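Survey of secondary and tertiary structure
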Amino acid sequence: MADVTLPQLGETVTEGTITRWFKKIGDSVAADEPLFEVSTDKVDTEVPSPVAGVLSEIRVPEGDTVPVGTVIAVVGAAGSAAAPAPAPATPVVESTPPPVPTPAAAPAPVEQAPAPVASSPTPAAAAPAPVAPAPAAATSGASSSKLLSPVVRKLVNDNGLDVNAIVGTGPNGRITRDDVLDAIDKRGSTPSVTAAPAPAPASTPPTAVASTAGISTPPAAPIKVVPGARDEVVALSKIRQLTGSHMVMSKGVSPHAFSVVEVDYANVDVVRTRAKDDFKSTEGFSLTYLPFISRAVVDALAEYPHMNASFAGDSLIVHRYIDLGIAVDLDYQGLIVPVVRDAGGKRLRAIAREVSDLASRARSKKLTPAEIQGGTFT
């Protein structure tokens, strides 16, 4: 008998979600044959069986998320057929918890529903409360017919500005962020006075918040959006949830800077146009701009080695090799970053081959865990 554990699928990956089992209890499995599919914030990949034998037990059903190192299945010897009997009980018991949150999630909208009903009708005690903030809302970004971006609308509402009094300098007279900041500057300290009534709308029901297209409430009152009859609720994949969490974490850990440099690509375009037909007939895939960019990055890192480094406390670890990460789009469902190993010693054609191969296998979920970790520069 051999335990099958959830492997480490990236340096920062701590858990994974089993999305699919390719074998059923009692099925024979060969060594290195795909056994299950797992989803993490780094990769959706098929994991091969570490041993050959018969799948005698599945301890983690599809849809469950478990930490790295958890025993998720047991593979027995080829003759062991008695073990499959008790196994079904485990998946059935463990698969019941997921439906429990569904009823729990349903009451939340039900609780929110009465709140909007209380605020929308004018009769009874509900009428006096909305009357006070109404004048401010009438000229706020929330109720204005002008087209405003979420950032601009938030600035207008947070500072109690009359959107109709702001002259837009953007395309077609659209109000920009700078226009709002100018209006705030002109008012001097006044915004802090008029902004005082703003917390009143915080008591507005969640549905009212949702209808203002992303206007954030004060920190004490988190936004709760209740889906309506015409909305579609799409569960976020594991890769999307954890990508968001890691990006927020990254903001707090690493200093961020944004730099834009204009580059003349005329000569690169001439070379690519001249070589692309012959390249495709020889290699079997198209020559894109990415290999040119990759090779240029490699040359730049050789000249500026401190850009090919990692922070470790109060030290800088300079990598004397270049493992180049290439971001691959997974059909708009997330990004994955496979790594071109030792890119510093590879010419453009070799880099192009690896990029094409890694991107193709990333989209078909054929990458191995080792191929998506250890990059020194992305």
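The rules behind the values
- Residues numbered from 1 in each chain as written.
- Predicted model: local features only at pLDDT ≥ 70, side-chain atom pairs only at ≥ 80, totals over all residues.
- Heavy atoms only, no water.
- Helix = DSSP H or I, 4+ residues; strand = E, 2+ residues; numbered from the N terminus.
- Buried < 20%, exposed > 50% of the residue type's maximum accessible area, 1.4 Å probe, protein only.
- Lys, Arg positive; Asp, Glu negative; His and termini not counted.
- Salt bridge = Lys/Arg side-chain N within 4 Å of Asp/Glu carboxyl O.
- Contact = heavy atoms within 4.5 Å.
- Patch = residues over 30% accessible without salt bridge, like charges linked within 9 Å, V, L, I, M, F, W, Y side chains within 5 Å.
- Areas by Shrake-Rupley, 256 points an atom, 1.4 Å probe, with all protein chains shown as cover.
- Expected span 1.5 Å × (residues − 1).
- Pairing = 2+ DSSP bridges.
- Phe/Tyr/Trp six-rings, centres within 6.5 Å; stacked < 30°, edge-to-face > 60°.
- Lys NZ or Arg CZ within 6 Å of the ring centre and 35° of its normal.
- Axes fitted to C-alpha atoms, helices over the stretch in contact; angles between N-to-C directions.
- Parallel < 35°, antiparallel > 145°, perpendicular 65-115°, else oblique.
- Left-handed = near helix turned anticlockwise from the far one by under 90°.
- Nonpolar A, V, L, I, M, F, W, Y, C, P; charged D, E, K, R; others polar.
- Core = buried A, V, L, I, M, F, W, Y, C linked by side-chain atoms within 4.5 Å.
- Polar contact = N/O pair within 3.5 Å; in protein donor to acceptor, adjacent residues only side chain to side chain.

Structural notes on the side chain of Arg272
Position of Arg272 among the secondary structure elements: in helix H12 (residues 266-283). Among buried charged residues, Arg272 stands out as having no salt bridge; its nearest opposite-charge side chain is Asp269, 4.5 Å away. Setting aside residues no more than four positions away along its own chain, Arg272 makes contact with Leu287, Thr288, Tyr289 and Phe292.

Looking at a nonpolar patch on the surface
Together, Val261, Val263, Tyr265, Tyr289, Leu290 and Ile293 line one region of the surface with nonpolar side chains, adding up to about 500 Å² of accessible area. Topologically, Tyr289 is positioned in the loop between H12 and helix H13 (290-303). Taking the relative accessible area as the measure of exposure, Tyr289 reaches 31% and is therefore partly exposed.

A word on H13
The terminal C-alpha atoms of H13, which comprises 14 residues, lie 20 Å apart, in line with the 20 Å expected from a rise of 1.5 Å per residue. Contact partners of the buried residues in H13: H12, strand E11 (324-325) and helix H14 (348-363).

A closer look at the pairing of strand E9 (residues 309-312)
Inspection of the sheet shows E9 paired to strand E10 (residues 315-318) by 4 bridges, in the antiparallel sense. When the sheet's bridge partners are listed, Ala312 is paired in E10 with Ser315. Following E9, the chain reverses through 2 residues before pairing antiparallel with E10; Gly313 in that reversal takes a positive phi of roughly 65 degrees.

A closer look at the packing of aromatic side chains
Think of a pair of aromatic rings as described by two things: how far the centres are apart, and how the planes are tilted against each other in angle. Counted according to the given criterion, the structure contains 3 aromatic pairs. Plain terms: the ring middles of Trp21 and Phe36 are 5.3 Å apart, the flat faces sit at 50 degrees to each other, and that makes the pair tilted. Highlighted residues: Trp21 in strand E2 (residues 15-21) and Phe36 in strand E4 (residues 34-39), separated in sequence by 15 residues. Judged by centre distance (5.4 Å) and plane angle (80 degrees), the rings of Phe279 and Phe285 are edge-to-face. Looking at Phe285, the relative accessible area reads 16%, which means it is buried. In this structure, Arg272 packs its charged tip against the face of Tyr289, placed 4.7 Å from the ring centre.

Remarks on the packing of H13 against H14
Where H13 meets H14, the axes come as close as 9 Å, and the angle between the chain directions of the two elements is 120 degrees. Between H13 and H14, the angle falls in the class oblique. In the crossing of H13 with H14, the sense of the turn from one axis to the other is right-handed. For the pair formed by H13 and H14, the contact residues are Leu290, Pro291, Phe292, Ser294 and Arg295 on the first element and Leu348, Ile351, Ala352 and Val355 on the second. When its residues are assigned to classes, the contact of H13 with H14 shows 7 nonpolar, 1 polar and 1 charged.

Digging into the sheet that holds E4
Taken together, the 4 strands give an open sheet; going across it, the order is E5-E4-E2-E7, and neighbouring strands pair in antiparallel fashion. Of all the strands in the sheet, just strand E5 (44-48) and strand E7 (65-67) have a single pairing partner and so form its edges. When strand polarity is set aside, the average angle formed by the axes of neighbouring strands in this sheet is 40 degrees. Two strands pair when backbone bridges link them, and E4 and E5 are joined in this way by 5 bridges, in the antiparallel orientation.

Notes on unusual backbone geometry
Positive phi, close to 70 degrees, is recorded for Asp32, a residue that is not glycine. Tracing the chain through its elements places Asp32 in the loop between strand E3 (28-29) and E4. A positive phi is found at Asp342, a non-glycine position, where the angle reads about 50 degrees. Relative to the assigned elements, Asp342 resides in the loop between strand E14 (339-340) and H14. Residue Asp342 is classed as partly exposed on the basis of its relative accessible area, which comes to 48%.

Section: the pattern of salt bridges
Between side chains of opposite charge, a pair can form as their charged atoms come close. Evaluated as defined, the whole model comprises 12 salt bridges. Ionic pairing is found between Arg361 and Glu371, a salt bridge with its closest N-O pair at 2.6 Å. On the criterion of sequence distance, the pair formed by Arg361 in helix H14 and Glu371 in the segment after H14 is long-range, its members being 10 residues apart. In the salt-bridge network here, residues are joined through shared partners; they are Glu283, Arg349 and Arg353.

Quick word on the environment of Gly160
Looking at the secondary structure, you find Gly160 in the loop between helix H7 (150-158) and helix H8 (177-187). C-alpha of Gly160 to C-alpha of Ile184: the two residues are 24 residues apart in sequence and 9.7 Å apart in space.

Quick word on the nonpolar core
It is characteristic of soluble globular proteins that their nonpolar side chains tend to be buried jointly. Judged by nonpolar contacts, the single largest core of 18 residues is most densely connected at Ile322, Leu324, Ile336, Val340, Ala343, Ala362 and Leu367. Counting only elements with at least two residues in this core, the list comes to H13 and H14. It is H14 that contributes the most residues to this core, 5 residues altogether. With residues up to four places along the chain from it excluded, the contact list for Ala343 reads Arg295, Val298, Ile322, Leu324 and Ile351.

Quick notes on the side chain of Asn308
Of note, Asn308 is situated in the loop between H13 and E9. Looking at Asn308, the relative accessible area reads 2%, which means it is buried. In this structure the side chain of Asn308 is engaged in a polar contact, spanning 3.0 Å, whose partner is the backbone oxygen of His319. If sequence neighbours within four positions are ignored, Asn308 has contacts with Leu301, Ile317, Val318, His319, Tyr321, Ile322, Thr376 and Phe377.

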